[in-house]
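So the chains spell out like this:
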Amino acid sequence: MMTLHHSPTSPYVRKAMILLHEMGLTDSVTLLNAGGMPTDPGKMSVAANPLSKVPALERDDGCTLYDSRVICRYIAALSPKGAGFYPDGPSHWEALTLEATGDGMLDAALLIRYEVTLREAGIQHEGWMDGQWQKIVRALSALESRWMAHLEGPMTIGTVSIACALGYLDFRFADREWRAQHPQLAGWYARFAERPSMQATIPA
Ligand SMILES: N[C@@H](CCC(=O)N[C@@H](CS)C(=O)NCC(=O)O)C(=O)O
């Protein structure tokens, strides 16, 4: 039995959980509640992941994998269903770039979140937070204008990552109303979010 260092609110953990659901492998993993913060590893085992971040996946042989990109690739390799998540041909690089886009949106969103939650109001860096938000705005615009064909195609690690990023915007930044300027993306996400793997992993 593998152990996944897990947090129910982490969008990176959600990527790994979606892969487990899609592969039918949820019974192969024990979830260990392990969230921490950059200022304090908290319950996260620094022996398992010296970067003290979730997700981390302890394999049966004791070896621990991190981060979400590595873990997702590993989970996909455990099942014949996984190959489609890393397609052959030109769409391979599209899928990986789309994954990097979703992960980058999350990195920017997390940096804003940490600034707001870990630094007192008077010393928060507004310009720096705005710069992070602009990365998300530009990514949303690129998705709407250039990536809809890939998103509307078969599920890949790229579509999973984007779905986790949009889900995180809904969870932590709902007041910024990302749907308003991105109707095609909103339509795609509404359909994608109906998948059982998405429904089973809603952050709470
Ligand atoms: N690039 C990593 C990012 C993981 C990450 O930042 N996880 C957050 C939770 S959402 C975390 O553990 N943060 C604690 C920290 O930064 O110390 C991945 O894809 O797994």
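If you're wondering where the values come from, they're calculated on a predicted model, not measured in any experiment.

Caption draft 1: Inspection of the site of the ligand at higher detail. The immediate surroundings of the ligand are formed by 13 residues, with Lys53, Val54, Asp67, Ser68 and Tyr114 found nearest. One of the side-chain nitrogen or oxygen atoms of Asp67 is found 3.0 Å away from a nitrogen atom of the ligand. A distance of 2.9 Å separates a nitrogen atom of the ligand from a polar atom in the side chain of Tyr114. Contact with the protein chains removes 86% of the 510 Å² of surface that the ligand exposes when unbound. A molecule is said to occupy a pocket when more than half its atoms come within 2 Å of that pocket's grid points, and by this definition the ligand occupies the largest pocket. Residue composition of the shell around the ligand, grouped by class: 7 nonpolar, 4 polar and 2 charged.

Caption draft 2: Expanded view of the packing of aromatic side chains. On inspection of all chains with the given rule, the structure shows 5 aromatic pairs. Where Trp188 meets Phe192, the ring centres are 4.8 Å apart and the plane angle is 35°; that geometry is what we call tilted. Remark: Phe192 and Trp188 occur in helix H7 (residues 183–192); sequence separation between them is 4 residues, near one turn of the helix. By the burial criterion, Trp188 is buried, and Phe192 matches it. Through pairs of rings, three or more aromatic residues link up here, namely Trp133, Tyr168, Phe171 and Phe173. Lying across the ring of Phe192, Arg195 places its NZ or CZ 5.9 Å from the centre.

The rules behind each value
- Residues numbered from 1 in each chain as written.
- Predicted model: local features only at pLDDT ≥ 70, side-chain atom pairs only at ≥ 80, totals over all residues.
- Heavy atoms only, no water.
- Near = heavy atom within 4 Å.
- Polar contact = N/O pair within 3.5 Å; in protein donor to acceptor, adjacent residues only side chain to side chain.
- Areas by Shrake-Rupley, 256 points an atom, 1.4 Å probe, with all protein chains shown as cover.
- 1 Å grid on protein atoms, 1.4 Å probe; cavity = no way out; pocket = protein on both sides within 12 Å on 5 of 7 lines; lining within 4 Å.
- Sits in = over half its atoms within 2 Å of the grid points.
- Nonpolar A, V, L, I, M, F, W, Y, C, P; charged D, E, K, R; others polar.
- Phe/Tyr/Trp six-rings, centres within 6.5 Å; stacked < 30°, edge-to-face > 60°.
- Helix = DSSP H or I, 4+ residues; strand = E, 2+ residues; numbered from the N terminus.
- Buried < 20%, exposed > 50% of the residue type's maximum accessible area, 1.4 Å probe, protein only.
- Lys NZ or Arg CZ within 6 Å of the ring centre and 35° of its normal.

Bear in mind that shape data such as this cannot, by itself, settle questions of function.
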